[in-house]
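One-letter residues, chain by chain:
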Amino acid sequence: MFDSLSDKLGNVFTKLRGKGSLSENDVMAVSREIRVALLEADVALPVVKDFIASVKDKAVGEKVIKGVNPGQQVVKIVHDELVKMLGGGTDADKKAQELKLGTPPSPYLMVGLQGSGKTTSTAKIAKMLSDKQKKKVLMASLDVYRPAAQEQLKILGEQTGVETLPVIEGQKPVDITKRALEEARKGGFDIVMLDTAGRLSIDEDLMNEVESVKKIAQPVETLLVADAMTGQDAVETARRFNERVEITGIMLTRVDGDARGGAAMSMKAVTGKPVKLMGIGEKWSEIEPFYADRIAGRILGMGDIVSLVEKASETVDRDEAAKMAEKFKKGKFDFNDLLSQMRQMNKMGGMGAMMKMLPGLGKMSGMLEQAGMDDSFIKKQEAMILSMTKAERENPGLLNASRKKRIAAGSGATVQDLNKLCKQQMQMASMMKKMKKMGMGGMMKQMKGMMGGKMDELEMMAGSMDPDALGADMEGLMNDDQGGALGPNPFAGGANPFGGAGGGLPGLGAPGGLPGMGHGGTKKNRKKKRK
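All figures in this text were calculated on a predicted structure; none of them were measured in a lab. (Residues numbered from 1 in each chain as written. Predicted model: local features only at pLDDT ≥ 70, side-chain atom pairs only at ≥ 80, totals over all residues. Heavy atoms only, no water.)

S.K.: Is there a simple way to think about the overall build of the protein in this case?
M.R.: Each helix and strand counted, the protein has 25 helices and 8 strands in total. Taking all contacts inside the protein whose residues are at least 6 apart in sequence as the whole, residues at least 24 apart take part in 70%. (Helix = DSSP H or I, 4+ residues; strand = E, 2+ residues; numbered from the N terminus. Contact = heavy atoms within 4.5 Å.)

S.K.: It is not clear to me how the environment of Thr122 should be interpreted in this structure. Could you clarify?
M.R.: Among the structural elements, Thr122 can be located in helix H7 (residues 118-132). When its relative accessible area of 0% is taken as the criterion, Thr122 is described as buried. Separated by 13 residues in the primary sequence, Thr122 and Leu109 place their C-alpha atoms 9.3 Å from one another. Setting aside chain neighbours within four positions, we find Thr122 in contact with Met110, Met139, Leu153, Met193 and Asp195. (Buried < 20%, exposed > 50% of the residue type's maximum accessible area, 1.4 Å probe, protein only.)

S.K.: Please clarify how the sheet that holds strand E5 (residues 221-227) should be interpreted in this entry.
M.R.: Think of a sheet as strands paired side by side through backbone hydrogen bonds, with each pair either parallel or antiparallel. Taken together, the 8 strands give an open sheet; going across it, the order is E3-E2-E4-E1-E5-E6-E7-E8, and neighbouring strands pair in mixed fashion. Each end of this open sheet is capped by a strand with a single partner; those strands are strand E3 (163-164) and strand E8 (287-289). In this structure, strand E1 (residues 106-111) lies alongside strand E4 (residues 191-195), joined through 5 bridges in parallel fashion. By the bridge assignment, Ser106 is partnered in E4 with Ile191. (Pairing = 2+ DSSP bridges.)

S.K.: Looking at this model, I keep getting lost on the pattern of salt bridges. Mind explaining?
M.R.: Proximity of charged atoms lets side chains of opposite charge pair with each other. For the structure on display, the rule yields 14 salt bridges. Across the pair Asp131 and Lys127 runs a salt bridge, and its minimum N-O distance is 3.3 Å. With Asp131 and Lys127 both in helix H7 and 4 residues apart, the pair spans about one turn of that helix. Across the pair Arg403 and Glu392 runs a salt bridge whose closest N-O atoms are separated by 2.8 Å. Taken together, the residues Arg403 in helix H21 (residues 401-411) and Glu392 in helix H20 (residues 390-394) connect sequence positions 11 residues apart. Taken together, the shared-partner salt bridges in this structure form one network comprising Glu204, Glu211 and Arg244. (Salt bridge = Lys/Arg side-chain N within 4 Å of Asp/Glu carboxyl O.)

S.K.: When you look at the confidence of the model for the protein in this model, what are you seeing that I'm missing?
M.R.: The predicted coordinates of low-pLDDT regions are not to be read in fine detail. Residue-level pLDDT values for the protein average 74, and 66% of them are 70 or greater. pLDDT under 50 marks residues 450-523. Its contacts with residues more than four places away, or in other chains, come to 134 contacts. The low-confidence segment residues 526-531 (pLDDT under 50) makes 4 contacts with residues lying over four places distant or belonging to another chain. (pLDDT = per-residue confidence, 0-100.)

S.K.: Any chance you could explain the packing of aromatic side chains here in plain terms?
M.R.: For any pair of aromatic rings, the description rests on two quantities: the centre-to-centre distance and the angle between the ring planes. Taken as a whole and judged by the stated rule, the model has 0 aromatic pairs. Its guanidinium or amino end placed over the ring of Phe189, Lys136 lies 4.6 Å from that ring's centre, counting from NZ or CZ. (Phe/Tyr/Trp six-rings, centres within 6.5 Å; stacked < 30°, edge-to-face > 60°. Lys NZ or Arg CZ within 6 Å of the ring centre and 35° of its normal.)

S.K.: Looking at this structure, I do not really get the side chain of Asp227. What am I missing?
M.R.: One can find Asp227 in strand E5. Separated by 2.9 Å, the side chain of Asp227 and the backbone nitrogen of Met229 make a polar contact. For Asp227, the side chain forms a polar contact with the side chain of Arg254, separated by 3.5 Å. When sequence neighbours within four positions are dropped, the list of residues in contact with Asp227 reads Ser116, Ala234, Thr253 and Arg254. (Polar contact = N/O pair within 3.5 Å; in protein donor to acceptor, adjacent residues only side chain to side chain.)

S.K.: Can you help me understand the nonpolar core in this one?
M.R.: Soluble globular proteins tend to pack their nonpolar side chains together in the buried interior. One finds Ile34 and Phe241 to be the most contacted residues of the largest nonpolar core, which totals 70 residues. It is helix H5 (residues 70-86) that contributes the most residues to this core, 8 residues altogether. The residues contacting Phe241, other than those within four sequence positions of it, are Val111, Gly112, Leu113, Ile202, Leu206, Met207, Leu224, Glu246 and Ile247. Met110, Val137, Met139 and Val225 belong to the second-largest nonpolar core, a separate cluster that totals 20 residues. (Core = buried A, V, L, I, M, F, W, Y, C linked by side-chain atoms within 4.5 Å.)

S.K.: What's the story with the packing of H7 against helix H8 (residues 149-160) in this structure? I'm lost.
M.R.: When two helices pack together, their arrangement is given by the angle between their axes and by how far apart the axes lie. Packing of H7 against H8 brings their axes to within 10 Å, and their N-to-C directions diverge by 30 degrees. What the angle tells us is that H7 and H8 run roughly parallel. As for the relative orientation of H7 and H8, their crossing is right-handed in sense. Together, Thr119, Thr120, Thr122, Ala123 and Lys127 of H7 and Gln152, Leu153, Leu156 and Thr160 of H8 make up the contact between the two elements. A per-class count over the contact of H7 with H8 returns 3 nonpolar, 5 polar and 1 charged. (Axes fitted to C-alpha atoms, helices over the stretch in contact; angles between N-to-C directions. Parallel < 35°, antiparallel > 145°, perpendicular 65-115°, else oblique. Left-handed = near helix turned anticlockwise from the far one by under 90°. Nonpolar A, V, L, I, M, F, W, Y, C, P; charged D, E, K, R; others polar.)

S.K.: When you look at the pairing of E1 in this model, what are you seeing that I'm missing?
M.R.: Taken residue by residue, a regular strand's side chains alternate between the two faces of the sheet. Burial of E1 is extensive: 6 of the 6 residues sit out of reach of the surface. Alternating residues of E1 divide into Ser106, Tyr108 and Met110 and Pro107, Leu109 and Val111, and every residue in both groups is buried.

S.K.: Teacher, can you tell me more about the packing of helix H11 (residues 232-245) against helix H12 (residues 262-271) here?
M.R.: Direction vectors running N to C along H11 and H12 enclose 30 degrees, while the axes themselves pass 8 Å from each other. Judged by the inter-axis angle, H11 sits roughly parallel to H12. Judged by the twist between their axes, the crossing of H11 over H12 is right-handed. For the pair formed by H11 and H12, the contact residues are Gln232, Ala234, Val235, Ala238, Arg239 and Asn242 on the first element and Gly262, Ala263, Ser266, Met267, Val270 and Thr271 on the second. Broken down by class, the residue content of the contact of H11 with H12 amounts to 6 nonpolar, 5 polar and 1 charged.

S.K.: Would you mind going over the pairing of strand E2 (residues 137-141) with me for this structure?
M.R.: Within E2, 5 of the 5 residues are buried, which leaves it mostly tucked inside the rest of the structure. Residues of E2 alternate between two faces, with Val137, Met139 and Ser141 on one and Leu138 and Ala140 on the opposite face, all of them buried. Here E2 pairs with E4 via 5 bridges, running parallel. When the sheet's bridge partners are listed, Ala140 is paired in E4 with Leu194. When E2 meets E3, the two strands line up parallel, connected through 2 bridges.

S.K.: I keep staring at unusual backbone geometry and nothing clicks. Help me out?
M.R.: Excluding glycine, a negative phi dihedral is what most residues carry, and trans is how most peptide bonds are arranged. A cis amide bond links Pro104 with the next residue in sequence, Pro105, at an omega value of -5 degrees. Looking at the element boundaries, Pro105 is found in the loop between helix H6 (91-96) and E1. With phi around 65 degrees, Ala148 is a residue other than glycine that occupies positive phi space. Within the secondary structure, Ala148 sits in the loop between E2 and H8. Phi at Glu246 is positive, roughly 50 degrees, even though this residue is not glycine. Mapped onto the secondary structure, Glu246 falls in the loop between H11 and strand E6 (249-253).

Listed below in structure tokens is the structure:
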């Protein structure tokens, strides 16, 4: 959702970083470009005006203009103001973005317009609270108007493994609320989710009903579900709901769509209520807490390492990881291991999603898609591995010409595609052998060499997790072949710091010099290897 804004702001700051000093005119010019970028992202005009005024006040001071790295200081100021705009400027703001838990059973009241994804979001939140916080949750549908709305929540409950209140035909929303609270008390539930009815637009009947339900339930959270694709209409909906029923937070749905991000950035400033959750896909697991500082980091191309690590810890199969670690210690890597890595990557959202969370690599995710390196490419490789026999997957050396023809035909690929996959596996196997020989001490030495002797600084930076410094330094590493903030770029000129053939990291194949799909070195080099 923030890709377009991220690209535009990235271009603005690229111009700044090349300057040794900044004049007041430079800051004004940058402010104008940021204003245009925010307005094009559909951010509310009053919010943009306040944002620009605040950035100008802080960026035009003597301290910034005469600073050691004024460009980087301006980026830091913009980052801090973005965090503030998104609703995470203070510790109190950050605490307000967390879901509240009161004395059991804690009622959660879900409100919103029809078609915003309210019922599905109710099930997603219930599943998240059940799995991550180990809460016993009961869901109840108060929507007696939309056909099969109560049946829908019942089916969602069966699919997610969350209990739902049995449906009694003819009951009114207020009566269902009383019965849900009573059942929750008797059943020892921690949370009861009340899914209210929606309308095509806000009307008096809807508001009166929600007010009546809220009076009885006394919810600890009144969450508005708003569709991010509706842009500023979502902000207006939030404002009107807040005036009547006083919402405590907002969940934005369809954040994975091509909406321009203005709704998320304007919500807190216009309504005074924080965005607490985001729906980032259709699966039950595709829901995230809304962390203002992490979102600001993603918008400015600084990545989101914390979310990436959290996602990895949630999706990694510990037994599988232990088995793979044992194989790596022995220096082994076969097609089963490659398949396991591909599946793990898919669980974490695919290669593009992971790239966007790494500092300085947000733009590369788009380049990979243009080069055909999207999720369909990984599926094609997966199909080739699954077309192999068990023995072939465990022993890649068995693959001769006739076996390759059979595998290619069985997976709908070409022999050339299979050869590229075999090359990936060989490069990874070679890397594992080197890691075994070097041991941990040797690996750390090589990493220090790759980082231009600045490993200690990198460790300190990672420890502090300062998004501005991390993003700027990683961008220096990516953009400056002759020595960025972390020293010389180890990948400059197609070099491979791991010693494998071809330019780039092994095991990630792609055409045109991207890792693992290169020509594999010169003809002369390949002949040397055969000796």
